[in-house]
Number of protein chains: 2
Amino acid sequence: MFKKRDVAIISASATKCGEHWDKGLKDLAWEAGVKAVEEAGISGKDIEYLVVGNMSGGMFVGQEHIGALVADFLGLNPIPSLRVEAACASGGMAFSQGYLAVASGLYDIVAVGGVEKMTDVEPEQATSVLSGAMDFEWEAYFGATFPGLYALIATRYLHEYKVKREALAEVAVKNHYHGSLNPLAHFRNKITVEDALTAPPVAEPLRKYDCSPISDGAAVAILAPLETARKYTDTPIIVRASVPASDTLSLLKRRDMCTMDATVNAANKAFSLAHIERKDVDVVEVHDCFTIAELLAIEDLGFCEKGEASKLYYEGQTYVGGTLPVNTDGGLKAAGHPVGATGVKQIVELVKQLRGEAEKGRQVSGAEIGLAHNVGGSGATAVVTILSRS
Amino acid sequence: MFKKRDVAIISASATKCGEHWDKGLKDLAWEAGVKAVEEAGISGKDIEYLVVGNMSGGMFVGQEHIGALVADFLGLNPIPSLRVEAACASGGMAFSQGYLAVASGLYDIVAVGGVEKMTDVEPEQATSVLSGAMDFEWEAYFGATFPGLYALIATRYLHEYKVKREALAEVAVKNHYHGSLNPLAHFRNKITVEDALTAPPVAEPLRKYDCSPISDGAAVAILAPLETARKYTDTPIIVRASVPASDTLSLLKRRDMCTMDATVNAANKAFSLAHIERKDVDVVEVHDCFTIAELLAIEDLGFCEKGEASKLYYEGQTYVGGTLPVNTDGGLKAAGHPVGATGVKQIVELVKQLRGEAEKGRQVSGAEIGLAHNVGGSGATAVVTILSRS
């Protein structure tokens, strides 16, 4: 039986998410990369391998070959550098590849980045680009959009489990509250349940505050073998597992529209590899591209029974201070969703929480174990990563 | 010191390259995948991990999320599945990731695919899509195309080393000759030096026969630990090394336009890891997106001194039967260049050669060691893979 090396995160940094009119894709990657390198106290020359998550550089800014591009712009040539794409789970997938590279023993210092520059195209064009994450021939070709697909899921879910739209609103209100405390968040405004319920419709039952924004942003995490991690930081964060899984792209082929089996499979394997139980998790980052997705995620990750997630939200348990703080940075909804960067941005937030370095009001007290959950499309890819404070 | 597992290829298959008007991206991946699975005598359920090389699914056919898509269409859910992109080196990069996954001990049976569907857009649009592999801000934005960039390289090379255009023609003639013997090749016609020299200009000094075509195609290789490979095949092919390296995207930042440092770096490391010398290599697949690229490759891989490659071509040494048979399948020029598939297609050809299963007239007698060289863009990525017959 193969005995892998333990892997730790020695630094993690992200840009602010938002509409960065003054920054291109390379600038965003550079900003997050330089911050992470400085925080680790290493030089770029120490990095042996680079994995970059990016969903649609080609369609957003005419740029593919993003791995080599970032290595070039950060002065890291000639190290191996690749782009990993798994739609909106590109960042999480890149992280899992970086983990593999260190765990295997083939590389020591590995940088994992995620970057997306989305605002150089018009919003309606962005929606069209994003539909590249669905099954083109069976969904996008017929005019499906992601708000539309998630509206189908939401409609079914609300009907099936007799849940009210107020539950979706509670997700948005909580994420905007957390975002208001996070200086890197795209949106810093608090909203009320009433705001969410009366906002302009996007695809019923989803309204404006049910949908994550189109954001520019980048995030970088630097990995090292645990045995040497303390050379770089007093608080290495251990990667206990980072597991991707796949499912059908099109909703029509799923056994159940309201369950993301990729999440279920990735989570079961990740908890098993990490030797950790659900109840031990202190802080969770889930993929709330739409509010309905957050409810599904909490259920599919196994934190409650199917159809029961809304109770946690009505009770306020998913706020910082509750029994299961979720998306303490504001999530995709308020912190932003630069698609290829999101999975790495989640890791950055967990590292901050597990180090006890989150801003006042949003630090989960004594957080020891965190979980990140990153989804591609409507669930064809899910990556579940479990981290712990050493 | 970490001791990795040895890795073997247990099967490898490719589609014919060409203009497949009746097949979409999924169909091509399916065809190559099913052939590889059947050849390995395994079931799809045995595959634990899937890596797919694809350059521009988004811009060519509106489809990203290619890893999960291929897993879905081949019925492999819920296994982890990701797309790797490194421009025209996406296939080689995917192979190196699959190698890592098995070498690490984390996965046993791993499928590596490469696929590109290029002919659903007009040829001039394909040229524009492909320019996503260059530095958008410093090259593509100003109207650069790949024929243009390689024409700059060729002009400099012919001047610097006092090489005549006939040398480029010799590359094309040899590759078309090999292609004429390969049933999977895009072009099966033989050409003469005169044909090549008098063909319509594309970007001087490059003419029609100096440029690889726009092809549809897919290729799949299946990897397993060497220790169990003989369960699946009598002739496992050992992966001795698979090494990527990076360089600047834009030509203007290179120390020398006529040397691809990514190739030099990847080759040096690969030969060192493989404990093999240049003279021991029996058959070579290099990235001849343009004829000039094949001359650079032979030099940068270390098979001859800088500026000396043309001699091997004038002497006919790079034909099957020569001292250094190069692109025995016809190379990118004649066998075709479905960009994201090319790096895996090269592996398929080497496996065929090392097993002694190539068609009559193009089998390298007693081939024991093969090398594949896959380039992204104008050299910002290079992947060098060395295989040997067990």
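None of the values given here were measured: they were computed from a predicted structure.

A.B. asks: Lay out the nonpolar core with the relevant residues and their values.
C.D. replies: With 198 residues, the main nonpolar core has A:Tyr150 and B:Tyr150 as its most contacted residues. The residues touching A:Tyr150, leaving out its near neighbours within four places in the chain, are A:Leu206, A:Met260, A:Cys289, A:Phe290, A:Ile292, A:Ala293, A:Val375, A:Gly377, A:Ser378 and A:Gly379. Within the second largest apolar cluster, 76 residues are counted, among which are A:Ala219, A:Leu350, B:Ile237 and B:Val364.

A.B. asks: A description of the packing of helix H7 (residues 165-180) of chain B against helix H11 (residues 291-300) of chain B should follow, citing residues and the corresponding values.
C.D. replies: Residues and elements named next belong to chain B. Remark: H7 packs on H11, axes separated minimally by 8 Å, with the N-to-C direction vectors making an angle of 95 degrees. Our classification of the angle between H7 and H11 gives roughly perpendicular. Between H7 and H11, the contacting residues are Ala167, Leu168, Val171, Ala172, Lys174 and Asn175 on the first element and Thr291, Ile292, Glu294 and Leu295 on the second. A class-by-class count of the residues in the contact of H7 with H11 yields 6 nonpolar, 2 polar and 2 charged.

A.B. asks: Give a description of the relation of the copies chain B and chain A that names residues and reports values.
C.D. replies: Superposing chain B onto chain A takes a rotation of 180 degrees combined with a translation of 0.0 Å along the rotation axis, leaving an RMSD of 0.0 Å. Those values place the two copies in the arrangement expected of a two-fold rotation axis.

A.B. asks: For the interface of chain B and chain A, give the residues involved together with the corresponding values.
C.D. replies: Contact residues are listed per partner, giving 58 residues for chain B and 58 residues for chain A. Summing both partners gives a buried area of about 4,800 Å² for chain B against chain A, and 54% of it is carried by carbon and sulfur. Looking only at chain B, the three residues that lose the most surface to chain A are B:Glu64, B:His65 and B:Glu85, adding up to 14% of its buried area. Counting every contact that joins chain B to chain A gives 8 salt bridges. Linking A:Lys26 and B:Glu137 is a salt bridge whose minimum nitrogen-to-oxygen distance equals 3.7 Å. Remark: the boundary between chain B and chain A carries 36 residue pairs in polar contact (both at pLDDT 80 or more). Secondary structure elements with two or more residues in the side of chain B that touches chain A: helix H2 (57-61), helix H3 (66-73), strand S3 (81-85), helix H4 (90-103), strand S8 (237-246) and helix H10 (261-274) of chain B.

A.B. asks: Mind laying out the environment of B:Val173, listing which residues take part and the relevant values?
C.D. replies: Residues and elements named next belong to chain B. Inspection of the secondary structure assignment puts Val173 in helix H7. Considered as a pair, Val173 and Ala380 are 207 residues apart in the sequence and their alpha carbons are 27 Å apart. Those residues in contact with Val173 that lie beyond four places of it in its chain are Ile191, Thr192, Val193 and Tyr319.

A.B. asks: Describe in detail the packing of aromatic side chains, supporting the description with residues and values.
C.D. replies: Summed over all chains, the structure comprises 16 aromatic pairs over all chains. Note on A:Tyr157 and A:Tyr161: the rings are 5.2 Å apart at their centroids and 50 degrees apart in plane angle, and the pair reads as tilted. Its relative accessible area of 0% is what places A:Tyr157 among the buried residues. Centre to centre, the rings of B:Tyr49 and B:Tyr107 are 4.3 Å apart; their planes meet at 25 degrees, and the pair counts as stacked. In this pair, B:Tyr49 sits in strand S2 (residues 49-53) while B:Tyr107 sits in the loop between H4 and strand S4 (110-116), placing the two residues 58 residues apart along the sequence. With respect to burial, B:Tyr49 and B:Tyr107 carry one shared label: buried. Aromatic rings pair up to connect A:Phe136, A:Tyr141 and A:Phe142 into one cluster.

A.B. asks: Before we move on, could you go through helix H3 (residues 66-73) of chain A and cite the residues and values that matter?
C.D. replies: Most of H3(A) is tucked away: 7 of the 8 residues are buried. One or two positions beyond H3(A), positive phi appears at A:Gly75, with a value near 70 degrees.

A.B. asks: Lay out the side chain of A:Glu64 in plain terms, naming residues and giving numbers.
C.D. replies: Tracing the backbone shows A:Glu64 in the loop between helix H2 (57-61) and H3. Given the relative accessible area of 1%, A:Glu64 is considered buried. Contact partners of A:Glu64, with chain neighbours within four places excluded, come to A:Gly58, A:Arg83, B:Met55, B:Ser56, B:Met59, B:Arg83, B:Glu85 and B:Gly132.

A.B. asks: Break down helix H5 (residues 123-130) of chain B for me, with residues and values.
C.D. replies: Residue and element names in this part refer to chain B. Within H5, burial applies to Ala126, Val129 and Leu130. The buried residues of H5 occupy one face: seen down the axis, they fall within an arc of 95 degrees. Residues of H5 that are buried sit in contact with H2 and helix H6 (146-160).

Reading guide: rules and limits
- Residues numbered from 1 in each chain as written.
- Chains lettered and ligands numbered in written order.
- Predicted model: local features only at pLDDT ≥ 70, side-chain atom pairs only at ≥ 80, totals over all residues.
- Heavy atoms only, no water.
- Core = buried A, V, L, I, M, F, W, Y, C linked by side-chain atoms within 4.5 Å.
- Buried < 20%, exposed > 50% of the residue type's maximum accessible area, 1.4 Å probe, protein only.
- Contact = heavy atoms within 4.5 Å.
- Axes fitted to C-alpha atoms, helices over the stretch in contact; angles between N-to-C directions.
- Helix = DSSP H or I, 4+ residues; strand = E, 2+ residues; numbered from the N terminus.
- Parallel < 35°, antiparallel > 145°, perpendicular 65-115°, else oblique.
- Nonpolar A, V, L, I, M, F, W, Y, C, P; charged D, E, K, R; others polar.
- Least-squares fit on C-alpha atoms with pLDDT ≥ 70 in both.
- Buried area = accessible area lost by both parts, 1.4 Å probe.
- Salt bridge = Lys/Arg side-chain N within 4 Å of Asp/Glu carboxyl O.
- Polar contact = N/O pair within 3.5 Å; in protein donor to acceptor, adjacent residues only side chain to side chain.
- Phe/Tyr/Trp six-rings, centres within 6.5 Å; stacked < 30°, edge-to-face > 60°.
- Arc of directions from axis to C-beta.

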